[in-house]
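Close look at the chain arrangement
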Amino acid sequence: MPAPDTFWTYLGAVASYVAVLAVPGGLIGRAAGVRGWALAGLAPLLSYAVTGLAGPWLSTVGLPYNVFTAAACTLLLAGVAWGIRRLCLVRGWITPGAEEPPVVWSTRAQWSVAACVAVATALSIAVVLSARGGTTAVFQRWDTVFHANGIRYIADTGDGSLIGMGKINWYPDGSFYPNGYHLVGALVYQISGTSIPVTLNAITMPVAGIFALSMVALVRQMGGRAVFAGCTALIAAAATTGAYESVSSGLLPYALGIVLTPLTVVALQRFLVRPGVDTGLVFALSADGLLTAHSSALFGGVLFAAPLVLQRWYRSLRGLRVDGVPEGRNGLRVIGGDIVRTVPVMAAAVVFAAPQILGAIKFTSGSYPYQPWNSDLPVLSALNMLGTFQQVLHTPQLWLTVLLVVGVLAFRTLDRMRWLVLSAIGLSGLFVLVTSYGASPLVISLSRPWWNDRFRLMALAAIPLCLLAGHGMAELQRWTAQRIRSISWAKARPRVVSRLGIAAAAVVVAVTAVLTGGFYRTANATAVSFLYYNGPEGEVTPPVSPDEIAAMEFLGRMHIPPDEKVLNDRLDGTAWMYALTGVHPVAGHYDGGGPVSPDATYLALHFRDYDLDVRVREAIQRLKVRHVLVGSGSIAKGAPISPGLRDLMGSDFLQLVYRNPGAQIYTIIR
């Protein structure tokens, strides 16, 4: 049931989520020799890796997934990482240090960047809190009920398998789904003791803060300026098309994958600069973390980071300086060495994630329906969306466009990060293809990891675009400081000159905050509000109504045995029944495709013929149905209630036990 909407409830849930993100990954990363911003950034990804891998493997060996077994897996993996690294150090097989950032940040710069990440996280939390729809804050979009039921299922049963949580809808065998998001959510739910809606809100609130932290870790690892890192953190919290759009569409695991994607570069760069067992282990676990968070995140990470490798190889072929490579080494040797050393790392990642990979192969070769979106918007419209960071909202974010233009024009000062321009072109090009030529069979095939969905690909393209906009903001700071330094008054005051950098940064940040209306907080809250009020901008009729929630709360107090199911309509808000009460519905998701029980389908069509149809009575017995919950809303606008659940009032085989204006509960009496 929804918990009271209080400050302390949410604070406890958010604190639990932060602990689950920081502690497991932090222990493993530190044991593997990761320090500083790289450790802070990689910790969430490594946490998702260890929990996402632990659930399926624990299920394979017959052990439950819970806080204690997840902690045991974390300690085991951290111990292995520490032991391997220690052995390699003692034997002289590795010499740490080369993988650290090539540019030193001052203590003041470190604290300034940390402040920017804190502001970005506060902005993210403020956006989600101000976007909530009512005191219960139940998510309203399509897949959110599946994620909610999945978290509750894992927490209640300890089944961390890749098919288990699908049993709420696709019983008895379940359905494959990468469940790293849900495994972490189950830990937060158990630790915090809150409701599923509060747990989901807590996991969602800091999403742009995680995005900002990932961006900072990337810039730091690549040797970028602290101003660049801090500005990019703020841009990550301001851009609607970054983290917020995926959240607004209910693509919660996908949004998680997006905000973790920049960390691909952190793990990859550390391994390329200093190949070793320790950096290789972190790289392998990072790849698995993306895979367990969302399967498309690994594909997106490869596409995002590929230009970094191409730049490295191009420079080596031209005989230019390459990080981690002695001067004079042949370019072909550099390329061959990178490939040869990466193969065993990827092989290890495949072994770790064998359940996910084998499950994905089996799932994609099955009969589950795949329906492309077939978008055909004009190319200029697609380019306008990219450049103005605007897709679900009517108002473009023009000040981010200005910063993006400045960043692109100043690409030469990106130094080691010039590959970002190529990454932006490639990912933006993929977005344009799907947006403008989505019906093409070739485009459908290329974009299948993202379900041919332009909204998902916009979020992926936003990663390098946000970095370039952050670079533009940092270049404005550099230009401002240089102009002031050139003034004779400033030249005569060395003490003033020494503080111009931080002063110029503060001015640029303040001006940007004013021009963007608090980094577009209100606009982003409007976008995220769609998560709570399903449908286009301006529609405020939630499919999960307060009346249905009240009925489900009453149902939860009826002490229904766990092996019984409650008959409900597939498209109304009652699909949230399990997440809110622990009572198993007949329809546990709005999705009626795939291996849905034939009994569930038949009852939706013919239940009202209970007295006349023996097949109905047999289906009721097989599913152990003794109660019926009829709601009023619909996830599909204008869709009528299923024929079998219409006009049940007055049926002599039912007894009405609860009623409010939007829901009724019946008991089958014979």
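Reading guide: rules and limits
- Per chain, the residues get numbers from 1 upward, laid out in the order the sequence is written.
- In view of the model being predicted, local features appear only for residues whose pLDDT reaches at least 70, and side-chain atom pairs are presented and counted only at 80 or more, with totals across whole chains, interfaces and linings using the full set of residues.
- To get the side-chain values, all heavy atoms of the structure are used, and hydrogens and water are removed first.
- By the criteria applied, helices consist of DSSP H or I runs no shorter than four residues and strands consist of E runs no shorter than two, each listed in order from the N terminus.
- For this measure, only C-alpha atoms enter the radius of gyration; the expected value for a globule follows 2.2 Å times N^0.38, where N is the number of residues.
- Relative accessibility thresholds used throughout: buried, under 20% of the residue-type maximum; exposed, over 50%; partly exposed, between the two (1.4 Å probe, protein chains only).
- Note on contacts: a residue pair qualifies if any of its non-hydrogen atoms lie within 4.5 Å across the two residues.
- Computed by Shrake-Rupley with a 1.4 Å probe, the accessible areas treat only the displayed protein chains as cover when residues are assessed.
- For the purpose of counting charges, residues Lys and Arg are taken to be positive, whereas Asp and Glu are taken to be negative. His and the chain ends are not included.
- Where a charge lies is defined by one atom per residue type: Lys uses NZ, Arg uses CZ, Asp uses CG and Glu uses CD.
- Here the expected span of a helix is defined as 1.5 Å times the quantity of residues minus one.
- Values of pLDDT, the confidence the predictor places in each residue, fall between 0 and 100.
- In this scheme, patches are assembled from residues that exceed 30% relative accessible area and form no salt bridge. Like charges are connected within 9 Å, while nonpolar side chains (Val, Leu, Ile, Met, Phe, Trp, Tyr) are connected within 5 Å.
- A pair is scored as a salt bridge if a Lys or Arg side-chain nitrogen falls within 4 Å of a carboxyl oxygen belonging to Asp or Glu.
- Stacked, edge-to-face and tilted are the three classes for Phe, Tyr and Trp ring pairs, Trp counted by its six-membered ring, which pair at centre distances within 6.5 Å; planes under 30 degrees apart are stacked, over 60 edge-to-face, the rest tilted.
- We count a charge as sitting over a ring when the NZ of a lysine or the CZ of an arginine lies within 6 Å of the ring centre and within 35 degrees of the ring normal.
- Residue types Ala, Val, Leu, Ile, Met, Phe, Trp, Tyr and Cys, when buried and joined through side-chain atoms within 4.5 Å, form a set referred to as a nonpolar core.
- The axes are straight lines fitted to the C-alpha atoms, using for helices just the contacting stretch, and the angles between their N-to-C directions are given from 0 to 180°.
- With respect to orientation, any angle under 35 degrees is reported as roughly parallel, any angle over 145 as roughly antiparallel, any angle of 65 to 115 as roughly perpendicular, and every other angle as oblique.
- Note on residue categories: nonpolar means Ala, Val, Leu, Ile, Met, Phe, Trp, Tyr, Cys or Pro, charged means Asp, Glu, Lys or Arg, and polar means any other residue, Gly included.

Let's talk about the overall build of the protein chain
- Secondary structure summary: the protein chain contains 29 helices and five strands in total.
- A globule of 670 residues ought to have a C-alpha radius of gyration of about 26 Å, and the protein chain, at 26 Å, matches this closely.
- Over its C-alpha atoms, taken along the principal directions, the protein chain stretches across nearly 95 × 55 × 50 Å.
- When each of the 670 residues of the protein chain is scored for burial, the buried share is 57%.
- Taking contacts inside the protein chain between residues at least 6 apart in sequence as the whole, the part at least 24 apart equals 76%.
- Roughly 26800 Å² of accessible area belongs to the protein chain as shown, and the carbon and sulfur atoms make up 65% of that amount.
- One way to put it: in the protein chain the 49 positive side-chain charges average out to a point 17 Å from where the 34 negative ones average out.

A word on helix α6 (residues 180–192)
- Between its terminal C-alpha atoms α6 stretches 18 Å, which fits the 18 Å expected from 13 residues at 1.5 Å a residue.
- Those residues of α6 that fall on the buried side of the exposure criterion are Gly180, Tyr181, His182, Leu183, Val184, Gly185, Ala186, Leu187, Val188 and Tyr189.
- Positive backbone phi, at 70°, marks Gly193, one or two positions downstream of α6.

Notes on the confidence of the model for the protein chain
- Per-residue confidence for the protein chain gives a mean pLDDT of 89, with 94% of residues at or over 70.
- At the level of individual helices and strands, the protein chain shows its lowest average pLDDT in helix α23 (residues 494–498), which scores 55, and its highest in helix α8 (residues 207–221), which scores 96.

Observations concerning a nonpolar patch on the surface
- A grouping of Val379, Leu380, Leu383, Leu433 and Tyr437 is seen on the molecular surface, where their side chains present a nonpolar patch of about 470 Å² in accessible area.
- Here the element with the most residues in the nonpolar patch is helix α17 (residues 379–388); it accounts for three residues.
- Within the secondary structure layout, Leu380 lies in helix α17.
- On the accessibility criterion, Leu380 (68% relative accessible area) is exposed.

Considering the packing of aromatic side chains
- Summed over the entire model, instances satisfying the criterion amount to 11 aromatic pairs.
- Taking the centre distance of 6.0 Å and the plane angle of 65° together, the rings of Phe146 and Trp170 count as edge-to-face. Here the residue Phe146 occupies a position in helix α5 (residues 144–157), and Trp170 occupies one in the loop between α5 and α6, the gap between them amounting to 24 residues.
- Residue classification places Phe146 among the buried positions, given a relative accessible area of 7%.
- Judged by its relative accessible area of 5%, Trp170 falls in the buried class.
- With a centroid separation of 5.1 Å and an interplanar angle of 70°, the aromatic rings of Phe146 and Tyr177 are classed as edge-to-face. Of this pair, Phe146 sits in helix α5 while Tyr177 sits in the loop between α5 and α6; the two residues are 31 residues apart in sequence, bridging distant segments of the chain.
- On the basis of relative accessibility, which here comes to 22%, the residue Tyr177 falls in the partly exposed class.
- By the ring-pair criterion, three or more aromatic residues cluster together here, those being Phe146, Trp170 and Tyr177.
- One residue, Arg456, lies across the ring of Tyr254, its end atom 5.7 Å from the ring centre.
- The ring of Tyr602 carries the charged tip of Arg615 above its face, separated from the ring centre by 3.9 Å.

A word on the nonpolar core
- In this structure, Leu260, Trp576, Phe607 and Val628 are the most contacted members of the largest nonpolar core, which totals 202 residues.
- The element contributing the most residues to this core is helix α21 (residues 454–485), with 13 residues.
- The contact partners of Val628, leaving out residues within four places of it in the chain, are Val566, Leu567, Phe607, Leu645, Leu648, Leu654, Gln664, Ile665, Tyr666 and Ile668.

Things to note about the environment of Arg225
- Checked against the element boundaries, Arg225 lands in the loop between α8 and α9 (226–238).
- The residues touching Arg225, leaving out its near neighbours within four places in the chain, are Trp105, Val219, Ala474, Glu475, Gln477 and Arg478.

Side note on the pattern of salt bridges
- Tallied over the entire structure, the rule returns 16 salt bridges.
- In this structure, Arg274 and Asp278 form a salt bridge, with 2.8 Å as the shortest nitrogen-oxygen distance.
- Residue Glu475 pairs with Arg478 through a salt bridge whose shortest N-O separation is 3.1 Å. With Glu475 and Arg478 both in helix α21 and three residues apart, the pair spans about one turn of that helix.
- According to the relative accessible area criterion, Glu475 is buried, its value standing at 10%.
- Each of Arg85, Glu99, Glu100, Arg270, Arg274 and Asp278 takes part in a single network of salt bridges with overlapping partners.

Remarks on the packing of helix α10 (residues 240–248) against helix α11 (residues 252–260)
- Relative orientation of the contacting elements α10 and α11 amounts to 170°, with a least axis distance of 8 Å. Classified by the interaxial angle, the pair formed by α10 and α11 is roughly antiparallel. Of the residues in α11, those touching α10 at Gly242, Ala243, Ser246 and Val247 are Leu252, Tyr254, Ala255, Ile258 and Val259.
- Here the residues of the contact of α10 with α11 are counted per class, giving seven nonpolar, two polar and no charged.

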